[in-house]
Every structure is written in structure tokens, then in C-alpha cells.
Amino acid sequence: MKSFALAAAAVALTMSLSAAQAADDPVAARKALMQSVAASAALSGGMMKGDIAYSPAAGRAAIVSLNAAALSFGAFFPAGSGTAANTTASPKIWDDAAGFSAALAKFSAATGAAAQASGKDGPADVDAFKAAVGPVLASCKSCHEAYRVQK
């Protein structure tokens, strides 16, 4: 039940971003989205490692949250938002816009495939969940390596 509550909170956070907030502060919007991605990734990792009991509903919630973020995340990188003091977005995002767009497309495709594979009830078992979410987490990692300033 704890894992389901964490997944539900991640989905709620993703869905709570308003268009006005995003327009006023795209850095805050993308940070909120990344927090929801981090929560879903932590839940996913915990279930994949066996630290958290696997639940199809929690697996589905994590996948839905990741997919929602993937579908909207790219909208929060307008020109000039990379110079904000509170961002870890790499200047490479704007210098290599085509590469960043390709990375976002890869993330979106991976989360879409995971959502499709999970069905309406979520992956039946942890092995099916691992197969669905593994490519998503790999996409996250490769994008962070290329387009995030490492602290």
C-alpha cells in the first residue's frame, strides 16, 4: 500500500502543473516534472530490486507518471531558460536542439511502449515490469548524462 501511495503522489504531482505556472516559470515546472519522474523512478527501482513489494497497480501508476512527464517535458525549455541560477539544464540543450529533441522522442517512445505493455491493470509481475520500465530508465540515464549539468 505504501508503494501505491508513493506512485499516486507522483502521478498527482505530474498532473497538478498548471499552464499558467509553466508559462510564468518554466524552470519550476520542469523541476516539478523531474521530481515526479524521480519519485516514479525510485518506486520503480525499489520494486525492481525487491526492496518494495511489487504491485501491478503501483507499477502502472509509475509508468503513467513517467509517460505523462515524457509527453509534456519538452515544452518547458524555452530559449533563455537555461541561464536561470536554479537550473541544472545543460547549455547543450539549446546548442544541440536536434539531439535534445531526439532524446525527448526516445523518452516518449520508451514510456509509451511501457504504457502500452502494462495494459490497464499494470504489468502482471515484476519481470514484466522490469521489461517495460528498463528502457525508460535507460533513456533517463542517457539524457541526464548528455543534457544535465552534473553537480
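What comes next concerns the included structure. (Residues numbered from 1 in each chain as written. Predicted model: local features only at pLDDT ≥ 70, side-chain atom pairs only at ≥ 80, totals over all residues. Heavy atoms only, no water.)

**Describing the overall build of the protein chain**
The number of helices and strands found in the protein chain is seven helices and zero strands. Overall, the protein chain shows an N-to-C arrangement of helices and strands of α-α-α-α-α-α-α. The buried share of the protein chain, reckoned over its 151 residues, is 40%. In the protein chain, once contacts between residues fewer than 6 apart in sequence are set aside, the share between residues at least 24 apart is 79%. On the protein chain, roughly 7,600 Å² of surface is accessible, and the fraction owed to carbon and sulfur atoms is 62%. (Helix = DSSP H or I, 4+ residues; strand = E, 2+ residues; numbered from the N terminus. Buried < 20%, exposed > 50% of the residue type's maximum accessible area, 1.4 Å probe, protein only. Contact = heavy atoms within 4.5 Å. Areas by Shrake-Rupley, 256 points an atom, 1.4 Å probe, with all protein chains shown as cover.)

**Details of the nonpolar core**
The biggest cluster of nonpolar side chains holds 30 residues, and the ones touching the most others in it are I63 and F100. Counting only elements with at least two residues in this core, the list comes to α3 (26-49), α4 (56-72), α6 (97-118) and α7 (126-147). The residues contacting F100, other than those within four sequence positions of it, are F77, I93, C143 and Y147. (Core = buried A, V, L, I, M, F, W, Y, C linked by side-chain atoms within 4.5 Å.)

**Side note on the packing of α3 against α7**
Two elements in contact, α3 and α7, have axes separated by 10 Å at closest approach and are oriented at 135°. By the criterion of interaxial angle, the relationship of α3 to α7 is oblique. The handedness of the crossing between α3 and α7 comes out as left-handed. Residues M34, V37, A41, S44, M47 and M48 of α3 touch α7, and the partners they reach there are V126, F129, K130, V133, L137, C140 and H144. Residues belonging to the contact of α3 with α7 are distributed by class as follows: 10 nonpolar, two polar and one charged. (Axes fitted to C-alpha atoms, helices over the stretch in contact; angles between N-to-C directions. Parallel < 35°, antiparallel > 145°, perpendicular 65-115°, else oblique. Left-handed = near helix turned anticlockwise from the far one by under 90°. Nonpolar A, V, L, I, M, F, W, Y, C, P; charged D, E, K, R; others polar.)

Structural measurements only, silent on function.
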